[in-house]
Amino acid sequence: MVRVLVVDDERDFTDLLSERLRTRGMEVRTAYDGQGALEVAKIFAPEVVVLDITMPGMSGLETMDALRAEKPAPEVILLTADTTLGTAVAGMKGGARDYLTKPTDINVLVAAIGEAEGRRMENMSRQRMAETAKLAAMGELATGVAHEINNPLQVVLNEAGWIEEILDDVVLENNSREQILESIDLIRRQGLRCKAITSKLLTLRCALDAKGTTASLPELAQDVLDARRNRIEQMSARVEQLWPEPLQGIRLPDSEWNQVLGNLVDNALDALESTPAKERLLRLQGSIEDARLRISVQDSGCGMEEHLLTRIFEPFFSTKEVGKGIGLGLAICHGIIEAMGGSISVRSTPGHGSTFTITVPMAVHAHNEHNGPEEPASAKEE
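Please read these numbers as outputs of a predicted model, since none were measured by experiment. Position numbers for residues start from 1 in each chain and track the written sequence from start to end. In keeping with the predicted nature of the model, local features appear solely for residues at pLDDT of at least 70, side-chain atom pairs appear and are counted solely at 80 or more, and the whole-chain, interface and lining totals rest on all residues. Values shown for side chains rest on all heavy atoms present in the structure; no hydrogens or waters enter the calculation.

A. Representation of the overall build of the chain within the structure. On a plain count of helices and strands, the chain comes out with eleven helices and 13 strands. Within the span of the chain, comprising 382 residues, buried residues form 40% of the whole. Excluding contacts between residues fewer than 6 apart, the proportion of contacts in the chain whose partners are at least 24 apart in sequence is 71%. Note on areas: Shrake-Rupley, 1.4 Å probe, and residue coverage restricted to the protein chains presented here. A total of about 21000 Å² of accessible surface is found on the chain, and carbon and sulfur atoms cover 52% of it. Only DSSP runs of H or I covering at least 4 residues are called helices, and only runs of E covering at least 2 are called strands; the numbering of each starts at the N terminus. Classification of residues uses two cut-offs on accessible area relative to the type maximum, computed with a 1.4 Å probe and protein chains only: under 20% is buried, over 50% is exposed, and between them is partly exposed. We call two residues in contact whenever any of their non-hydrogen atoms come within 4.5 Å of each other.

Below is the structure:
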């Protein structure tokens, strides 16, 4: 559904044209002067603007300059009763994609809007491809740097331990021994801190931490939601959790699942931003089916086009606007779940939200305490 803003100081014409565009499946807002158009655009974020050139106060060309200064910039189709070439040239130089003379045939305008939206998508795709190429190069560089740093870093940590052992056989005066031990401890702590940093650069190399802490799935989910409580409350989003009783006894790796659920919840909240507050719903639920654990994260957000779903788990691929996402979150989730021997899939419809479903074998959880049959789910709503 294309978001269209119609701007014209002739109210009857503007309202009628807007209604005709709505009957053709477009989401339309109206404004009757340049300043009003800028105010509507801040809230509505139109993809295409149908703009009258001749308006009192702020002219159409001035309005177009202000609208196109926003990021992402909408495509502009100019409407004018002035058929002189100079007006058309000025508009096209200013960034307009097309101009039509009044009175305008509705089918011609609809076709022009479709072409403008197509150009906008192509431009965004090119920008994203350029951004992806840069990020992919940075990712390769980061991986190489992390490996190169980890090797000498391991030597430093080993040598610190060796020095500590030597001190056991050496007699030192005064407080020298304590001072050296403090320095060694500082070296070790800072070295481990560096290793933690480099490990983040290697996140896509999803080796599971078999010795990490564990927690039950409801506990993990609640921790993820608590960490994002302020954002959830500011958005007035409704959160539902549906966990069957047997999941209380299953212990999951804290680090990996916190990262997976955190990325999925963050993406869901991003998708909900484009929907009215009263319709914002985030649902997390789980079940046990055929010795496999199934977890889903569902949102009522903007959804995704079908052709995007085949690429959604690729590293550095993002459906978000350039600068708002680097496309690593879902790739990381995919890598972690695959390392567990499981799978992650997505089902989405534009305008009707998305559902991410994770399926992993129960055997991967060493702390599985589930022995009995599955019981009915208990629902909790926040």
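There is more to say after this.
B. Expanded view of the environment of Thr359. In this fold, Thr359 is placed in strand E12 (residues 354-361). Overall, Thr359 belongs to the buried group, its relative accessible area being 11%. For the pair Thr359 and Ser345, spaced 14 residues apart in the sequence, the C-alpha separation amounts to 8.7 Å. With near-sequence residues (within four places) excluded, Thr359 lies in contact with Arg292, Leu293, Arg294, Ile337, Gly342 and Ser343. Polar contacts, as counted here, are pairs of nitrogen or oxygen atoms within 3.5 Å of one another; within protein the pair requires one atom able to donate a hydrogen and one able to accept it, and residues that are adjacent in sequence qualify only if both atoms are side-chain atoms. Side-chain polar atoms of Thr359 contact the side chain of Arg294, separated by 3.4 Å.

C. Broad picture of helix H11 (residues 329-339). Every buried residue of H11 is listed here: Leu330, Ala331, Ile332, Cys333, Gly335, Ile336 and Ile337. Those residues of H11 that are buried lie in contact with helix H9 (254-272), strand E11 (343-348) and E12. Looking at the residues trailing H11, positive phi occurs at Gly341, about 85°.

D. Highlighting a nonpolar patch on the surface. Together, Trp162, Ile163, Ile166, Val170, Leu172 and Ile180 line one region of the surface with nonpolar side chains, adding up to about 470 Å² of accessible area. At three residues, the largest contribution of residues to the nonpolar patch is made by helix H5 (residues 106-167). Inspection of the secondary structure puts Leu172 in the loop between H5 and helix H6 (176-201). A residue is classified by how much of its surface remains accessible, and Leu172, at 32% relative accessible area, is partly exposed. Residues enter a patch when their relative accessible area is above 30% and they make no salt bridge; the linking distance is 9 Å between like charges and 5 Å between nonpolar side chains (Val, Leu, Ile, Met, Phe, Trp, Tyr). Salt bridge, as used here, is a side-chain nitrogen of Lys or Arg placed within 4 Å of a carboxyl oxygen of Asp or Glu.

E. A look at the packing of helix H7 (residues 217-227) against H9. As a packed pair, H7 and H9 sit with axes 9 Å apart at the nearest point and diverge in direction by 50°. The orientation of H7 relative to H9 falls into the category oblique. H9 is crossed by H7, and the crossing has right-handed handedness. The segment H7 lies against H9, with Leu217, Leu220, Ala221, Asp223, Val224 and Leu225 engaging Asp254, Trp257, Asn258, Leu261, Gly262 and Val265. Residues of the contact of H7 with H9, tallied by class, amount to eight nonpolar, two polar and two charged. Between N-to-C directions, angles cover 0 to 180 degrees, with each direction set by a line fitted to C-alpha atoms, over the stretch in contact for helices. Roughly parallel here means an angle under 35 degrees, roughly antiparallel means over 145, roughly perpendicular means 65 to 115, and every remaining angle is called oblique. Two helices that cross are described as forming a left-handed crossing if the nearer one is turned anticlockwise from the farther one by less than a right angle, and a right-handed crossing if clockwise. Polarity classes work like this: nonpolar for Ala, Val, Leu, Ile, Met, Phe, Trp, Tyr, Cys and Pro, charged for Asp, Glu, Lys and Arg, and polar for all others, with Gly in that last group.

F. Inspection of unusual backbone geometry at higher detail. Positive phi is not limited to glycine here, since Ala45 has a value of about 50°. Its place among the elements puts Ala45 in the loop between helix H2 (34-44) and strand E3 (48-52). Look at Ala45 and you get partly exposed, because its relative accessible area is 39%. Located in the positive-phi region is Ser236, a residue other than glycine, with phi close to 55°. Take Ser236: it is sitting in the loop between helix H8 (229-235) and strand E7 (238-244). For Ser236, a relative accessible area of 47% corresponds to the partly exposed category.

G. Here's a closer look at the packing of aromatic side chains. Only Phe, Tyr and Trp rings are paired, with Trp represented by its six-membered ring, and only when their centres lie within 6.5 Å; those with planes under 30 degrees apart are stacked, over 60 edge-to-face, the remainder tilted. A full pass over the atoms with the stated rule returns zero aromatic pairs. Positioned above the aromatic ring of Phe13, the side-chain terminus of Lys102 is 5.0 Å from the ring centre. Comment: the charge-over-ring label is applied if NZ (Lys) or CZ (Arg) is within 6 Å of the ring centre and within 35 degrees of the ring normal.

H. Focus on the sheet that holds strand E1 (residues 3-7). Only strands that DSSP links by at least two bridges are regarded as paired with each other. Across the sheet, five strands lie side by side as E2-E1-E3-E4-E5; this open sheet has parallel pairing. The open sheet terminates on both sides in strands that have one partner only, identified here as strand E2 (27-31) and strand E5 (98-101). With strand direction ignored, the average angle separating the axes of adjacent strands in the sheet is 20°. Lying on the sheet, helix H1 (residues 11-22) is in contact with E1, E2 and strand E4 (75-80); it crosses E2 at an angle near 175°.

I. Fine view of the UniProt feature "modified residue: 4-aspartylphosphate" (unreviewed entry) in the chain. UniProt positions are given in the numbering used here, feature names are shortened, and annotations may be inferred rather than shown by experiment. In this numbering, the UniProt entry assigns the feature "modified residue: 4-aspartylphosphate" (unreviewed entry) to Asp52. Its location among the elements puts Asp52 in strand E3. Asp52 sits in the buried class, given a relative accessible area of 4%. Once residues lying within four places of it in the same chain are set aside, the contact partners of Asp52 are Val7, Asp8, Asp9, Gly60, Leu79, Thr80 and Lys102.

J. Here's a closer look at the nonpolar core. Take the buried residues of types Ala, Val, Leu, Ile, Met, Phe, Trp, Tyr and Cys, join any two whose side-chain atoms come within 4.5 Å, and each joined set is a nonpolar core. In terms of nonpolar packing, the biggest core is built from 44 residues, with Trp257, Leu264, Leu282, Leu293 and Ile358 touching the most fellow members. With eight residues, H9 is the largest single contributor of residues to this core. Ignoring sequence-local partners within four residues, the contact set of Ile358 consists of Trp257, Val260, Leu264, Leu293, Arg294, Ile295, Ile337, Ser343 and Ile344. If you look at the next biggest cluster of nonpolar residues, it comprises 17 residues, including Val2, Val4, Met26 and Ala112.

K. Up close: the pattern of salt bridges. Counting across every chain of the model gives 19 salt bridges. Of the charged contacts, one joins Lys102 and Asp8 as a salt bridge, the two residues approaching to 2.7 Å between their closest N and O atoms. Here Lys102, found in the loop between E5 and H5, pairs with Asp8, found in the loop between E1 and H1; they are 94 residues apart in sequence, far enough to count as distant. On the basis of relative accessible area, Asp8 is assigned to the buried category, the value being 0%. The partner of Glu47 in a salt bridge is Arg120, with the nearest N and O atoms 3.1 Å apart. One end of the pair, Glu47, is in the loop between H2 and E3; the other, Arg120, is in helix H5, and 73 residues separate them in sequence. Taking relative accessible area as the criterion, Glu47 reaches 10% and is therefore assigned buried. When salt bridges that share partners are traced, they join Arg3, Glu47, Glu117 and Arg120 into one network.

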